[in-house]
Structures are given as C-alpha cells and as structure tokens.
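Residue-level structural notes
Each chain, written out:
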Amino acid sequence: MSETLANLLQETRQFPPPAELAAAANLTAEAYDEAAADRLAFWERQARRLHWSKEWDQVLDWSNPPFAKWFVGGQLNVAYNCLDRHVEAGYGDRVAIHWEGEPGDTRTITYAELLALTCQAANALTALGVTAGDRVAIYLPMIPEAVVAMLACARIGATHSVVFGGFSTDALTNRIQDANAKLVITADGGYRRGKATALKATVDEAVSRCPSVERVLVVRRTGQEVSWSERDVWWHDTVETASTEHTAEAFDAEHPLYILYTSGTTAKPKGILHTSGGYLTQVAFTHHAVFDLKPETDVYWCTADIGWVTGHSYIVYGPLANGATQLMYEGTPDTPHRGRFWELVQKYKVTILYTAPTLIRTMMKWGEDIPKGYDLSSLRLLGSVGEPINPEAWIWYRENIGRGRCPIVDTWWQTETGAIMISPLPGVTATKPGSAMRPLPGVSAEVVDDQANPVPNGGGGFLVLTEPWPSMLRTIWGDDQRFIDTYWSRFDGLYFAGDGAKKDDDGDVWLLGRVDDVMLVSGHNISTTEVESALVSHPSVAEAAVVGATDPTTGQAIVAFTIPRGHVDTSGDAGTALIAELREHVSKTLGPIAKPRQIMLVPELPKTRSGKIMRRLLRDVAENRSLGDVTTLQDSSVMELISAGMRAGKSDED
Ligand code: ATP
Ligand code: MG
C-alpha cells in the first residue's frame, strides 16, 4: 500500500451550535487553549471532578512506554464515585435508571436504591469468596443487574469481564479461560425479539470447560426452566438477602477495573485492560463535555449494549460518575414494532440520544414516516459512534430525529481508547456532516503518511495518537508483547489505531474506515467510506458497503452492495436502471476512478454483533470465494439472503 489515502468526497454543509445550547454549554472554546497550554495540568483538573481518598503524587508516568501510569500514587473507589458521593451530596432520590424491558415491564431505580443494591451485591460477592484482583465474568441481558454487577466488582476491586449476552458458548468459554474468571454472573435468560432466549444453558456448557470457575450467580429474569448444580446460586437468594451496608475501600489509581475483549472481527480476541483513576477521569470528563450533560434536567439514553465498550463507558461509568438520569432498554428497535425507540424517547422525554450509524441507516431504510408519528421535542442533542457516519445519514438523523434543532456529535474512539477521543463540542463546534471534527481538549491525534509525517490539509493517511491519554488501554491481558506489536509497532512511539482518516482544508478530521479495507484501484488508495457515502447520498439508497475485488486491469475493482430505501422499486428494469444510475452518481460525486465495477441491490448486509458492516465476507461474495467464518455475524442467514436475493448489475464498458 502506498503512502496516503485519496481525498475524493467534498462536503460543504456546516451547522453552527444552537445559540441557546452554546450560551449554557459545559465547555467553551477556552478548553482547547487551556489543554494546549498544559495538557497534564488540564487532565489533573479533570481528575478533580472525582472523589479521591488519596491525591496522586504524579499525573503521568511515561518513563516506560507504552506502559503508562496515570495519577500515580492516587487512590479512589470507582463505585463510590458513581454512587455514594451523589447520595451523600443529597441526590439519593434522583432517578439513576429508568429501565424498560422488552415486554414492556419497567423499573425506576434511584441513586440511593442503586447504591443499596450495589452494596448488597458487593457483600454477596465477598461471601462467595471473591476478593480484590479476582476476575468475574458477567454474561447478562440488558437488565439493571448488569450495572449492579459491574459496580459491585468495582467496589470490591474485582476485575470484571463483561461478555455480550448474544455470544456463543465458544466465545464465552475462551473469554472465561483467558481471564481465569472465578465467578460467572448470568441470568436464566433474556428477552429478544419477543422471545425468551436462554443464557444459563450456555454458561453451563462453557463452565464445564473452565476449571477456574468456582461459582455461578444467576439472576431470574424470564422464569424459564434451568438446570441446576451445586456450583450455582440464585441472585435473589444471595444478593437480595445481603446487607445494604458496605464500606467502599479505596484502590490504587492503576488498579485493574475491567477486561473487555474486542469483538474479534479481526483475530483471536484481545483482552483490553482498563484501570481505575485515569479511565474514570476521562469517561466522566468526556460525558460531561461531549454530551453537555445537565444532571438536574437531562434524560440521557445510550442505546448500546452493556457488552460493548460504549455500554461500559457511556451507560455505566461516565453517566453514573456524573450523576445522570438515564434510560436503559432491554430489547431491539423493531420489537414489538418499528417505532419502539421513538416511543421510548417520547415516553421518557429523552433529551440526549447516543446511538450508532447502523441504527440510523436502518431507520432510513424503514422510512421517515415512523419517527414522524412520535413527539421527539424533548431531544436537544444527538450522538453517533461505532462506524463512520455517511453525510446523508447524518443529515437524515438531524432532520428526522433532531428535527433540525439538535447538534450531532460524531464521536470517534475505540475499546482500546476507553473514552471519546475525537468529537465536536456541542456548544463550540460548527459541525460538518460526516466529520468527527477535532481531537478533544487534552487529546493529541494526527493523520500521518507511512513515514509518520503529518499529512497536509486535504490529505489522507493513518490516524495515530501522539501522546498518552488517561483512559488508554494499559495492556492486552496476559500479553504485553502483543500489546506492543499490535498498537505501537507500526510507527515509532505512536499509537496506531488501525483506522484511515483525512484532514479537510480546515484541518478537520474525517474517518475513512479501517486501513485493512482500503481499496487499491489503478494505483489509488480509495477508502470504502467515501464510496459508501457517495452511494448513500443518492435518494434511493439507505445503506451501502463496498469492497475491493481482484481485477485483471485495475488491480482491484470496486464492488458495492446497496440496500435501497423502503419505497424504492427494484424489480425488473427499474432495478437495472437504478444500478446504472448509481454507478453514474458515484462517478459524478467522486470522480470516474471511484465508479463501481459492479453494484448489487441487497435486502441486508452482514454485520457484526455490534452492528458494524463485515466487509470481509462481502469480499468473498465479490470474488466468488467460499464464505469464511461467519460465527461472529449478527445473523448468518443474512449471507444466504444476499446470495439469494441479490440483483447483480455488472457492466463491461469500463
Ligand atoms: P475489533 O477491534 O474486534 O475488530 P471493533 O474495532 O469494531 O472490533 P470497537 O473498539 O468497538 O471494536 O470499535 C472501534 C472502531 O470503530 C474504530 O477503530 C473505528 O474503526 C470505528 N469507529 C468508532 N467510532 C467511529 C466514528 N465516530 N467514526 C468512524 N469510525 C468509528
Ligand atoms: Mg478495533
């Protein structure tokens, strides 16, 4: 691959922050200057947002890179910071969690109640033999007990490893074994798409292969039949009968807080290790700054699952450290109907919504008539995370959900970074649809060529982080060498994130997808994101995925898989005409170099469990190879759908 990425897509629309929001914003433009003047002093001030039992002696120890230590010598209890201190400050009656189950059952949990539950769970875990430093695996649906379990671990200094409740026995087994977990916390089952799915059976099978596991703690959620052994204990028999009094002990700032395995789309899952003081500092700061949270009045909703890093940082630790009131929802957006999310926004008067491009594009596919049926006037700020957001999806989100009033924060970060790194500030930044804009105050990012030289404005290349940050991963669990090799070896002294990006003429950052997906067409490096965004900018398209397929003349040729919007006729000649029109549209938008060789109209795209497009599989389809491993797919039948339902339009003219 040659040095840089082509910059093909031009976007000129820009949206200044709403005046009212800007006037009362948590952060002003000064924050950038303050952080630039003295980065470590800036982070030190952010750390003071928390309660420390003992102050640190040194902000950052970077004497042994890439192994960072933040707030060296400081001590704190993470759960105390998320619960006790709010109750002590008189906010015990504030709602922490409005919870809605998929079948429509609800719970309202105040900070005082969440503290009591967490103390009970901490006492129960201790009674089950869990002590500081032990690992606890958590395999739960989106129920409040998931939050309680995480906080209880944090409270007693145990390191949690949350495994997404949709993962298979093998995935769960590998993760329990890699972390040597002593306890597994699970449920009988959970509700998904109107059905009670089993969790306990999966745990039973996994645990039979995991000698490290001593006990299994089981929440009763669905009431379904489960098999039982001596190792098992019910949550309602242990946690709910335990004392609600528990004194939180302070732990070192660098005490391990959690391990979270990356989703494994690329290789053997990596156990990303996060620690306590720096992590909590940056998630609390970013949640305050990027979402402009006003804890007295906002109702915040992050639609991620607790099994992903977004759930860790922006459902559990960031919002609770800031005393937020939030909505937590167990189910999927289409159960029992496709307006479910908007019904929830209306019901709970959600003010801040944080979701993913995959959800937005699905809503585009279903059509704007669905959100139109609901009162979304409570919303004042929208966020996006997980994939590049196509400019047209951004505009759709702004108009149909934000009703033209709400700023959108497109937040770039990773499991590895722990917290948001690049994002607009909602009261400061004039946003551009599709751009994550600038590194946050205190964060140092750059776009470089393959010699690690910063690219000029208008150029594209590799996104790197040039200075350590408080919530950075500390290592890969049990494998320091893999940590060095994976993240710190491509460019000397720089963290390489794996993503491509470009700087526009103003120096603002646009994420261009993973560098592994970049296509090399006639000697040009073309990002999948730009071609996908060009396709989505056509009014008939809801979602698109493009891949490079081997081509005898151009090296690689662009093959696009495209989902039409709901109202579009794709039958017979209409479909053929649409395909021809889309190829022209891309050529006109980005230039002839980016014109797809082939476009397929498909009903669905293969996605990971966290909803990200899986291009690797599409490459196989495009090159007619037999399919690779599909076990991490959200729905493996999607690939059959694609093979069966696709209309292939191929042309030989160029
Ligand atoms: P794995 O590392 O196991 O392959 P993953 O990278 O999808 O999985 P995450 O850590 O959840 O797991 O996702 C981080 C990645 O998601 C980023 O590296 C980037 O590719 C993408 N991403 C996240 N937010 C954005 C954003 N706002 N814009 C563009 N890309 C984003
Ligand atoms: Mg990744």
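Structure report, in brief. These figures come from a predicted structure and were not determined experimentally.

Looking now at the overall build of the chain. A count of helical and extended segments in the chain gives 20 helices and 31 strands. The C-alpha radius of gyration computed for the chain amounts to 24 Å, which stays within 12% of the reference 26 Å derived for 654 residues, consistent with globular compactness. Within the chain, buried positions represent 63% of all 654 residues. When contacts within the chain are restricted to residue pairs at least 6 apart in sequence, long-range pairs at least 24 apart make up 72% of them. Accessible surface, the chain: about 23300 Å² in total, of which carbon and sulfur atoms supply 48%. Distance between charge centroids for the chain: 2 Å, based on 59 positive and 82 negative side chains.

This paragraph deals with the state of the cysteines. Considering all chains together, one arrives at zero disulfides under this definition. Free of any disulfide, C153 has its nearest cysteine sulfur in C82, 13 Å distant. Of the cysteine sulfurs around C406, a residue in no disulfide, the closest is that of C302, at 17 Å.

Right, let's talk about the packing of aromatic side chains for a bit. Under the definition given, this model contains 34 aromatic pairs. Pairing W52 with F71 gives two aromatic rings, centres 5.6 Å apart and planes at 55°, and the pair type is tilted. Of this pair, W52 sits in the loop between α3 (39-47) and β1 (58-61) while F71 sits in strand β2 (residues 69-72), and the two are 19 residues apart along the sequence. Relative accessible area serves as the criterion here: at 0%, F71 is assigned to the buried category. Over the ring of Y91 we find R94, and its NZ or CZ is 4.3 Å from the ring centre. Positioned above the aromatic ring of W510 is the side chain of K502, whose terminal nitrogen or guanidinium carbon lies 5.4 Å from the ring centre.

Any two packed helices are characterised by how steeply their axes cross, that is the angle between the axes, and by the distance between the axes. At a minimum axis separation of 9 Å, helix α7 (residues 169-179) and helix α8 (residues 200-207) run at an interaxial angle of 50°. As summarised for this structure, α7 and α8 are arranged oblique, according to the angle between their axes. Between α7 and α8 lies a crossing whose hand is right-handed. Packed against α7, whose contacting residues are T169, L172, T173 and I176, the element α8 presents T202, V203, E205 and A206 at the interface. The class makeup of the residues in the contact of α7 with α8 is four nonpolar, three polar and one charged.

Backbone torsion omega between P65 and P66 reads 5°, so that peptide bond is classified as cis. Inspection of the secondary structure assignment puts P66 in the loop between β1 and β2. Residue P336 follows T335 across a cis peptide bond; omega there is 0°. Examined against the element boundaries, P336 turns out to sit in the loop between β17 (326-329) and α12 (340-348). Phi angles above zero are rare outside glycine, and D292 is one such case at about 50°. The phi dihedral of M437 falls on the positive side, at around 75°, and the residue is not glycine. As for its position among the elements, M437 is in the loop between β20 (408-410) and β21 (445-448).

With that settled, consider the nonpolar core. In this structure, I185, F291, I306 and Y317 are the most contacted members of the largest nonpolar core, which totals 140 residues. Per-element tally for this core: the top contributor is helix α6 (residues 144-156), with ten residues. In terms of nonpolar packing, the next biggest core, distinct from the first, is built from 55 residues, Y329, M363, V568 and L590 among them.

For the rest of this paragraph, the subject is the pairing of strand β25 (residues 509-514). The buried fraction of β25 amounts to five of the six residues, a majority that puts the element mostly inside the structure. The turn linking strand β24 (residues 495-503) back onto β25 is made up of five residues, and G507 within it adopts a positive phi angle of 85°.

Turning our attention to the sheet that holds β24. Think of a sheet as strands paired side by side through backbone hydrogen bonds, with each pair either parallel or antiparallel. Taken together, four strands build an open sheet; the order of strands is β21-β22-β24-β25 and the sheet is antiparallel. Strands at the two margins of the open sheet, each flanked by one partner only, are β21 and β25. Neighbouring strand axes in the sheet, compared pairwise and without regard to direction, differ in orientation by 45° on average. For β21 and strand β22 (residues 460-465), the ladder comprises four bridges, and the chain directions are antiparallel. Within the sheet, the bridge partner assigned to A445 lies in β22 and is L465. Strand contacts of helix α17 (residues 528-536): β24 and β25, with the helix running at about 105° to β25, the strand carrying the most contacts.

Rules and cut-offs
- Residues numbered from 1 in each chain as written.
- Chains lettered and ligands numbered in written order.
- Predicted model: local features only at pLDDT ≥ 70, side-chain atom pairs only at ≥ 80, totals over all residues.
- Heavy atoms only, no water.
- Helix = DSSP H or I, 4+ residues; strand = E, 2+ residues; numbered from the N terminus.
- Rg over C-alpha atoms; globule rule 2.2 N^0.38 Å.
- Buried < 20%, exposed > 50% of the residue type's maximum accessible area, 1.4 Å probe, protein only.
- Contact = heavy atoms within 4.5 Å.
- Areas by Shrake-Rupley, 256 points an atom, 1.4 Å probe, with all protein chains shown as cover.
- Lys, Arg positive; Asp, Glu negative; His and termini not counted.
- Charge placed at Lys NZ, Arg CZ, Asp CG, Glu CD.
- Disulfide = S-S within 2.5 Å.
- Phe/Tyr/Trp six-rings, centres within 6.5 Å; stacked < 30°, edge-to-face > 60°.
- Lys NZ or Arg CZ within 6 Å of the ring centre and 35° of its normal.
- Axes fitted to C-alpha atoms, helices over the stretch in contact; angles between N-to-C directions.
- Parallel < 35°, antiparallel > 145°, perpendicular 65-115°, else oblique.
- Left-handed = near helix turned anticlockwise from the far one by under 90°.
- Nonpolar A, V, L, I, M, F, W, Y, C, P; charged D, E, K, R; others polar.
- Core = buried A, V, L, I, M, F, W, Y, C linked by side-chain atoms within 4.5 Å.
- Pairing = 2+ DSSP bridges.

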